[in-house]
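Inside the fold
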There are 2 protein chains.
Amino acid sequence: MDKNLKRMATMHRMQVTGLELFYEQGYYNTSVDDILKSLELSKGAFYYHFQSKEDFFISIIQNLIVQKVYGTLIEPIEGKENPLTVIEKCLDNSLQTAENNEMDYGFVVHNFLTEFNGRNETISRYLRDILKIWEVNLITLLQKGKTDGYVIRHVNSEAAASFIISSYMGIRTLMVEGNPRILRYNYISQLRSYLNTMVQRELA
Amino acid sequence: MDKNLKRMATMHRMQVTGLELFYEQGYYNTSVDDILKSLELSKGAFYYHFQSKEDFFISIIQNLIVQKVYGTLIEPIEGKENPLTVIEKCLDNSLQTAENNEMDYGFVVHNFLTEFNGRNETISRYLRDILKIWEVNLITLLQKGKTDGYVIRHVNSEAAASFIISSYMGIRTLMVEGNPRILRYNYISQLRSYLNTMVQRELA
DNA sequence: AATTGCACCGACCACTTAGTCGGTAAAAAT
DNA sequence: ATTTTTACCGACTAAGTGGTCGGTGCAATT
């Protein structure tokens, strides 16, 4: 038990630093040695805890990235009332965090997906699964929004969900080297106008 | 002259193969040797024509990527009449090409931008400049659309342009491993509904 | 006929890569 | 008190990595 704690602590430390560097520099452009140097740990420690660089990265996805996405994109909208206002607020919050983060390199899931898409099936599946969960959540929310009278019935929830996801992934990339304040403000204004096309007006 | 032709031909062959491999596998995950093996050329040939791997990549951007973006995203909309229908048609065409391409890995500029953002200032500036040209073109088109009576006056053209670009970059990534037919159809349906919010209705 | 320079060859260099393995100090189990 | 296990060390390996450099055949120039 106590043993497991020490083990977990070290593994966690490695994963945190690993994610930091992979996110900053990319997976292929970051060596195991880079991470180890930054941690002041040895090769032996690394391969004692993880089978391979790939195995290490997968554990990062499962232990850190999934949680991050849940915390910022899924839980804030899950089961909420008015889907359209909740989605807008959630994305705005997320963009605000990115805006205030000096070391923002874009949407983690998306960056890695771009790096692994078509090159590492195992890893890109994990990443796509995360997006899938988000997507399913958005769809569910929009569907519920229909029965609750917030969203127009004929809206295609699947299409809306992937449109929202697409636009979010794109704007995050643009914000990395653009003016994040203006980009965020403009993005939200357009998102709102898009979401407005789905609003079920009250019956007078 | 004839000399220059041979020189140019080899350089072009290298650039084409280089872009192919960089696009498929990523820049950092593709070695100069990989490209040379695929071309059946030697190290000597490579460093005779190019100063470095980076220099080589920059020449690819300037000679191939810029043209590709111009051909598919800029020329088809430049100076056209109704901005909103033209933008929709242009993006749909581009997505159709991607859909029919068995070896599609997403939007070239966007993939490389993700790979270099914050890691190689020189290269990411080139890539951002390409996006900038596209953006300026979209803005100009929308502005002209206002004076021509197609677009509502109070529309924020800058915001609209970067929203369109964002959504396009995102959907291209999703299409890589998703069902491209459905994704494209759904995307265009949502894009249309977004663009519709900007339509200047005729005065009766 | 002799010379020059272009386009290319491929062995080589210093360095980095992911991954292995024999060792070890300290803690836990016996 | 002795053995075993845990968590980690760091030298090492084999296979790359980007890049250099002396050489070479051939076409154009002289």
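This text follows the structure it describes.
Residues numbered from 1 in each chain as written. Chains lettered and ligands numbered in written order. Predicted model: local features only at pLDDT ≥ 70, side-chain atom pairs only at ≥ 80, totals over all residues. Heavy atoms only, no water.

Before going further, it helps to examine the protein's contact with DNA strand C. Around DNA strand C, a shell composed of 19 residues is seen, among which A:Lys53, B:Ser42, B:Gly44, B:Tyr48 and B:His49 lie nearest. Within 4 Å of the protein, atoms of DNA strand C come from sugar and phosphate in 62% of cases. Taking B:His49, its side chain carries an N or O atom lying 2.6 Å from a phosphate oxygen of DNA strand C. Counting residues per element, the ones that place at least two in the surface near DNA strand C are helix H3 (43-49) of chain A together with helix H1 (2-25) and helix H3 (43-49) of chain B. No other element matches H3(B), which puts five residues into the surface near DNA strand C. (Near = heavy atom within 4 Å. Polar contact = N/O pair within 3.5 Å; in protein donor to acceptor, adjacent residues only side chain to side chain. Helix = DSSP H or I, 4+ residues; strand = E, 2+ residues; numbered from the N terminus.)

Contact with chain A, which involves 43 residues of that partner, is made by 43 residues of chain B. Carbon and sulfur atoms make up 60% of the area that chain A and chain B hide from each other, which totals about 3400 Å². Taken together, the connections running from chain A to chain B amount to two salt bridges. A salt bridge links A:Arg128 to B:Glu177, with the shortest nitrogen-to-oxygen separation between them at 3.5 Å. At the boundary of chain A and chain B, one finds 18 residue pairs in polar contact (both at pLDDT 80 or more). Counting residues per element, the ones that place at least two in the side of chain A that touches chain B are helix H1 (2-25), helix H6 (108-116), helix H7 (121-147), helix H8 (157-177) and helix H9 (180-196) of chain A. With 15 residues, H8(A) is the largest single contributor of residues to the side of chain A that touches chain B. Partitioned by chemical class, the residues of the side of chain A that touches chain B number 17 nonpolar, 20 polar and six charged. (Contact = heavy atoms within 4.5 Å. Buried area = accessible area lost by both parts, 1.4 Å probe. Salt bridge = Lys/Arg side-chain N within 4 Å of Asp/Glu carboxyl O. Nonpolar A, V, L, I, M, F, W, Y, C, P; charged D, E, K, R; others polar.)

The next point concerns the nonpolar core. Residues A:Ile65, A:Phe112, A:Trp134, A:Tyr194, B:Ile65, B:Phe112 and B:Trp134 are the most contacted members of the largest nonpolar core, which totals 136 residues. Here B:Phe112 is in contact with B:Leu19, B:Phe22, B:Tyr23, B:Phe57, B:Ile65 and B:Leu127, once residues within four sequence places are set aside. (Core = buried A, V, L, I, M, F, W, Y, C linked by side-chain atoms within 4.5 Å. Buried < 20%, exposed > 50% of the residue type's maximum accessible area, 1.4 Å probe, protein only.)

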